[in-house]
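Reading the structure
What follows is each chain in one-letter form.
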Amino acid sequence: MGQDVFAERLARLGAEHGQRAELQTQKAQAARGTRPEWVTNLGYPASIVGACFLGLLAVVLARYCMFHINGAPDPGADADLTMIIDGALAFGIAFVLRMAFYMSDKVHLAAKTVGIWIALTCMHNLVHDYPDLWAAAFSEDWVERTTEMTEPRSFYFRGYSFEFSGAIAAEPAATDKPEIKINRF
């Protein structure tokens, strides 16, 4: 008699458990939506790229704040101190953006740091390429001083411009020797 009652109870609990499991499975599928799995898997790598762009944006915002505080950049200012101030302000802005976009992972911090570093050392290239856009955002005086202090298509660090090795020359260099091509196939 005791075993029959116990077996009935187990059967009843098993049926209830099966119904709950099925309900939870349906809720999980509804929460996932109808997106394909590859779209869901693409979210994390896209957030890393987004964190890098947030780092770039943080430097632009930092320089915009510094422009409104100090005006156009001073060519005679200490380049190291200017870069430290821009970097510190950019990291502060990136910290606020981290909270806004829920990017507190170490990988996101590294990506934001890379974005900040790229913008600190290479943002002047965009000023050289699109001066009218930057003049509308900052001022013509700011654009003029930035282009005077830096070289186009270069890496600016500690007050020195290092040109990219793959920079496109205006005219190809003339060579005295003819070009020799060997067809091996």
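As a reminder, the structure under discussion sits directly above these lines.
Below: a short report on this structure.

**Regarding a negative patch on the surface**
A cluster of acidic residues, Asp132, Glu140, Glu144 and Glu148, forms a negative patch at the surface. Examining the composition of the negative patch, we find that three residues originate from one element, helix H7 (residues 140–149), more than from any other. With respect to the secondary-structure elements, Glu144 resides in helix H7.

**What about the layout of surface pockets?**
In this approach a probe as big as a water molecule rolls over the atoms, and the regions it shows empty are the leftover space. Space inside the largest pocket adds up to approximately 600 Å³. For the largest pocket, the lining is made up of 31 residues, of which Arg63, Pro73, Thr82, Asp86 and Met149 are closest to its centre. Secondary structure elements with two or more residues in the lining of the largest pocket: helix H3 (43–70), helix H4 (79–101), helix H5 (106–129) and H7. With seven residues, the single largest contributor to the lining of the largest pocket is H5. Classifying every residue of the lining of the largest pocket gives 18 nonpolar, eight polar and five charged.

**Some details on the packing of H5 against H7**
For the pair H5 and H7, the least separation of the axes is 10 Å and the interaxial angle reads 120 degrees. As judged from the angle between their axes, H5 and H7 are oblique. The interaxial crossing formed by H5 with H7 has left-handed handedness. Residues Met123, His124, Val127 and His128 of H5 lie in contact with H7, whose contacting residues are Trp142, Val143, Thr146 and Thr147. Its residues assigned to classes, the contact of H5 with H7 comprises four nonpolar, four polar and no charged.

**Describing the pattern of salt bridges**
Applying the stated rule across the entire model yields three salt bridges. A salt bridge links Arg63 to Asp86, with the shortest nitrogen-to-oxygen separation between them at 3.1 Å. Of the two residues, Arg63 sits in helix H3 while Asp86 sits in helix H4, which places them 23 residues apart along the sequence. We note that Arg63, like Asp86, is buried. Two residues, Arg145 and Asp141, come together in a salt bridge whose shortest N-O distance is 3.7 Å. Of the two residues, Arg145 and Asp141 are both situated in helix H7; the distance of four residues between them amounts to about one turn of the helix. Under the relative-accessibility criterion, Arg145 is labelled partly exposed at 29%. Relative accessible area serves as the criterion here: at 36%, Asp141 is assigned to the partly exposed category.

**Considering the packing of H4 against H5**
Viewed as axis vectors pointing N to C, H4 and H5 meet at an angle of 145 degrees, and their least axial separation amounts to 10 Å. Pair H4 / H5 crosses with right-handed handedness. Only Lys112, Thr113, Ile116, Leu120 and Thr121 of H5 make contact with H4, whose side of the interface consists of Met83, Asp86, Gly87, Ala90, Phe91, Ala94 and Arg98.

Criteria and thresholds
- Residues numbered from 1 in each chain as written.
- Predicted model: local features only at pLDDT ≥ 70, side-chain atom pairs only at ≥ 80, totals over all residues.
- Heavy atoms only, no water.
- Patch = residues over 30% accessible without salt bridge, like charges linked within 9 Å, V, L, I, M, F, W, Y side chains within 5 Å.
- Areas by Shrake-Rupley, 256 points an atom, 1.4 Å probe, with all protein chains shown as cover.
- Salt bridge = Lys/Arg side-chain N within 4 Å of Asp/Glu carboxyl O.
- Lys, Arg positive; Asp, Glu negative; His and termini not counted.
- Charge placed at Lys NZ, Arg CZ, Asp CG, Glu CD.
- Helix = DSSP H or I, 4+ residues; strand = E, 2+ residues; numbered from the N terminus.
- 1 Å grid on protein atoms, 1.4 Å probe; cavity = no way out; pocket = protein on both sides within 12 Å on 5 of 7 lines; lining within 4 Å.
- Points joined across faces, edges and corners; volume = space filled by probe spheres on them.
- Nonpolar A, V, L, I, M, F, W, Y, C, P; charged D, E, K, R; others polar.
- Axes fitted to C-alpha atoms, helices over the stretch in contact; angles between N-to-C directions.
- Parallel < 35°, antiparallel > 145°, perpendicular 65-115°, else oblique.
- Left-handed = near helix turned anticlockwise from the far one by under 90°.
- Contact = heavy atoms within 4.5 Å.
- Buried < 20%, exposed > 50% of the residue type's maximum accessible area, 1.4 Å probe, protein only.

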